[in-house]
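This is what each chain is made of:
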Amino acid sequence: MPIRVKSRPQAPPDRAFSPVSSRFDVQLPDVGHEDAFRDVVKSLSQYISEVVYMPSTFEQLRTTSAGDELRSLVDHLSNKVTNPAIVNALLALRWHYGAVNDGRGLSDARANACEIVAWRFLTRLSEREAVEFCLYEIPDDSDGDSPSNADEPADGGESNETTGLLRTASRSSSTEYHGSGSSRRNLLFKSISKLTMSRHASAVEQLEDDPTAPFTHLNALEIAAIADAKRFLSQHVVQKIITGIWNGEIIFWDRLSVHSEKKPRFHNPNTADPFSRLRVPKYLKAYEIAFFGGFLMLYYGVLIEQNRYAITPLEILLYIWFAAFFYDEVSEYIDAGSVFYAADVWNLFDIIMIAIGIVFAIMRFVGLYKKDYSLVDMAFDVLSLEALFMVPRVCSILSLSPYWGTLIPCLKEMGKDFLKFMVLVVVVYVGFLTTFSLVGREAYTFPHMAMIVTKIFFGSSYVAFDVMDDIDPIFGPPLMFIFVTLSSILLMGSLTGMLSNSFSRVILHAREEYLYVYSVYVLEASTSNRLTHFYPPFNLLALGIFRPLRLFLPSDNKFRQARIVLLRVTHAPIVGVIKVYEWFTTKGRPDGFDNFRGPRQNSFKRHPAPPPDRPDSRPQSGYRPRLPVSRPASAEVISRPRPRPQPSEDDAGDAPTDVEVRISELAAKIDRLTALVVALQSGAGTETVRT
């Protein structure tokens, strides 16, 4: 009879799936509500390091099964964790992993994972709760051991005018963190590296030296800007918060008083001090444009008048404008810090304008003192160069529009590539210039030959054929043909193609670049630790009055109160214009609190989270008191965030592009086909019949 033979099931072949963790024994981080920032960073770094152990791109982590553990982490953080420093810690880790270059791409994958978890976590919250998490500032642990600072100046020592955006835990050592941008970034990187590399350090060692001290008093948005988390900053929920800060719907100072505290608040026009609107970035930018407009008018007036023999009243006003502008830039650098200051491309224009103004003033005074009028004329020629930077600076308001703002990152990257390519051009130019100068030294001098070669390089090819026989009848023609071919065809064609590729590469991410620059400007203008900020040229009054008094008078509350009085007197017309503008534009519109969706219960007071072993371990909306509460005033600060559960959104955020959708569909099809092939090969077996 026929014999049925049943083959042994074959083992399924190994298949290179998308990078995914198979470590099912990894425990989710246990983060308590009262855990310090460094403990949160350490817990999250351990989990991220264990689940992301293979190089993965951002899209793989976001759209494929490589990000399954990240989704589990987001669910865990949204449902069971109420620590307000969660987003701060994730972005600090994103900065740490992004700064590490391991050569394999693993650190980049972990950096992307931290950024994805951060913005997915925000999408699970209401908009008001997202504001609370993004604007939560990392507290100073030493404050708990010291007496209450309620009576201390709210400006954080504003009278000394040296408080920067990045402060240390100890005010006595604050100068340590005021170095250059690169040194400050290195300091922040080392602080997180100490945590991620010493996970088993004893508690005593941790208390002796807190590695997270450089992050003290930084909120999540500031850390994102330092960490170059451009995808996080470009998310809709984050941009709505930044736009709220730009429009003044979210403020950090609600009143001008010696006991005011810098804390994020929703603006309430019925309770807020009108002079607090002077700190709104939108009004700061508007006044800046008006200031530069007046600067430009004075500049034109001085150059048109151009008195060689005496300093006119119009020129004195120009010097006052220069001095106020210079002092304002110094104050901005101290307040924002070098990291944020260097991120704004317009600050480079400001530095060049100040340098030209200083050179002009020195040459002008020296020329008048020595009665050297040729030097005076040269001084006015130097001042003429100011228009190259002042006119674009006046029009810098256009950079805040999406269309013009996306072109600036493109031009910036194209400029970098152009400078790199010019190295090759200079090498070729110097080689041919040396050869032509030596071969044709009897017919042309070196300056004349340099001008001829320059004309040829910039497209005047006919000049080459006119002079090649004069240079040398034997070597001149072939060398000139080679030079024209290299310069006009090869080099120029290569440069055009390279710049085109650079533009195409950058324009794909131009929106992220634009939103990053916009976010940095808003944070730079709004998060200053100074209580009193004088607009130029009124800042010269504060400098001339209070700076000499500080030499022999103590910086007490009376001293600060005098600064507030001077600010109210000098800026009253500006505040009046702002109030009239807001009366016309915001009439009938909701205020800052109503522009953000979320529960109307008072969520600013923190309540302890339920025990983790309960099924409803994460505080639900009903966990908060449901007593009827009034509309919170602007004095009620945004603090101690408490997340609430929202429906799961694996890919929440901006809508994916067509390319991202196709990649996701292709990955899903590959996984289904692979599963089908494995099922066919590892089925019940193949029955064969032997006769």
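Residues numbered from 1 in each chain as written. Predicted model: local features only at pLDDT ≥ 70, side-chain atom pairs only at ≥ 80, totals over all residues. Heavy atoms only, no water.

Trainee: Tell me about the overall build of the protein chain, and name the residues and values.
Mentor: When you go through the protein chain residue by residue, the secondary structure sums to 24 helices and four strands. Of all 691 residues assigned to the protein chain, the portion counted as buried reaches 47%. Of all intrachain contacts in the protein chain linking residues separated by at least 6 positions in sequence, the fraction that spans at least 24 positions is 79%. When the accessible surface of the protein chain is totalled, it reaches about 34200 Å², and 62% of it is carbon and sulfur. (Helix = DSSP H or I, 4+ residues; strand = E, 2+ residues; numbered from the N terminus. Buried < 20%, exposed > 50% of the residue type's maximum accessible area, 1.4 Å probe, protein only. Contact = heavy atoms within 4.5 Å. Areas by Shrake-Rupley, 256 points an atom, 1.4 Å probe, with all protein chains shown as cover.)

Trainee: Provide a residue-level description of the pattern of salt bridges, including the pertinent values.
Mentor: Scanning the model with the defined rule gives 19 salt bridges in all. Two residues, Lys262 and Glu137, come together in a salt bridge whose shortest N-O distance is 3.7 Å. Taken together, the residues Lys262 in the loop between strand E2 (250-251) and strand E3 (265-266) and Glu137 in the loop between helix H6 (127-134) and helix H7 (181-197) connect sequence positions 125 residues apart. For the residue pair Lys262 and Glu137, the accessibility class agrees, reading buried in each case. Here Glu261 makes a salt bridge to Lys263, at a shortest N to O gap of 3.2 Å. Among the residues examined, Lys263 registers a relative accessible area of 34% and is labelled partly exposed. (Salt bridge = Lys/Arg side-chain N within 4 Å of Asp/Glu carboxyl O.)

Trainee: Tell me about the nonpolar core, and please be specific about residues and values.
Mentor: Counting residues in each nonpolar core, the largest one holds 126 residues, and the members touching the most others are Leu91, Leu122, Leu221, Phe232 and Phe295. At eleven residues, helix H12 (residues 281-305) tops the list of elements feeding residues into this core. Once you skip the residues sitting within four places of it in the chain, Leu91 turns out to touch Ala118, Ala220, Ile223, Ala224, Ala227, Ala229 and Phe232. Core analysis: the next-biggest nonpolar cluster, separate from the first, contains 24 residues, Ala450, Val453, Ala464 and Val467 among them. (Core = buried A, V, L, I, M, F, W, Y, C linked by side-chain atoms within 4.5 Å.)

Trainee: I'd like a description of the side chain of His76, backed by residues and values.
Mentor: Locating His76 in the fold gives a position in helix H3 (residues 68-80). At a separation of 2.7 Å, a polar atom in the side chain of His76 contacts the main-chain carbonyl oxygen of Pro29. Leave out the neighbours within four places in its chain, and His76 touches Leu28, Pro29 and Val81. (Polar contact = N/O pair within 3.5 Å; in protein donor to acceptor, adjacent residues only side chain to side chain.)

Trainee: Describe the confidence of the model for the protein chain, with residues and values.
Mentor: Averaged over every residue, the pLDDT of the protein chain is 76; residues scoring 70 or more account for 73%. Counting interchain partners and residues more than four positions distant, the pLDDT-below-50 stretch residues 684-691 has 15 contacts. (pLDDT = per-residue confidence, 0-100.)

Trainee: Talk me through the packing of aromatic side chains; I want residue IDs and the actual numbers.
Mentor: The tally for this structure, following the rule as stated, stands at 27 aromatic pairs. Arranged with centres 5.8 Å apart and planes meeting at 55°, the rings of Phe360 and Phe380 form a pair that is tilted. Here Phe360, found in helix H14 (residues 346-370), pairs with Phe380, found in helix H15 (residues 373-384); they are 20 residues apart in sequence, far enough to count as distant. A network of ring pairs unites the aromatic residues Phe291, Phe292, Phe295, Trp321, Phe322 and Phe325 as a single cluster. Directly above the aromatic system of Tyr516 lies the positively charged group of Lys230, at a separation of 5.2 Å from the ring centroid. The residue whose ring lies beneath Arg231 is Phe58, and the NZ or CZ to ring-centre distance is 4.0 Å. (Phe/Tyr/Trp six-rings, centres within 6.5 Å; stacked < 30°, edge-to-face > 60°. Lys NZ or Arg CZ within 6 Å of the ring centre and 35° of its normal.)

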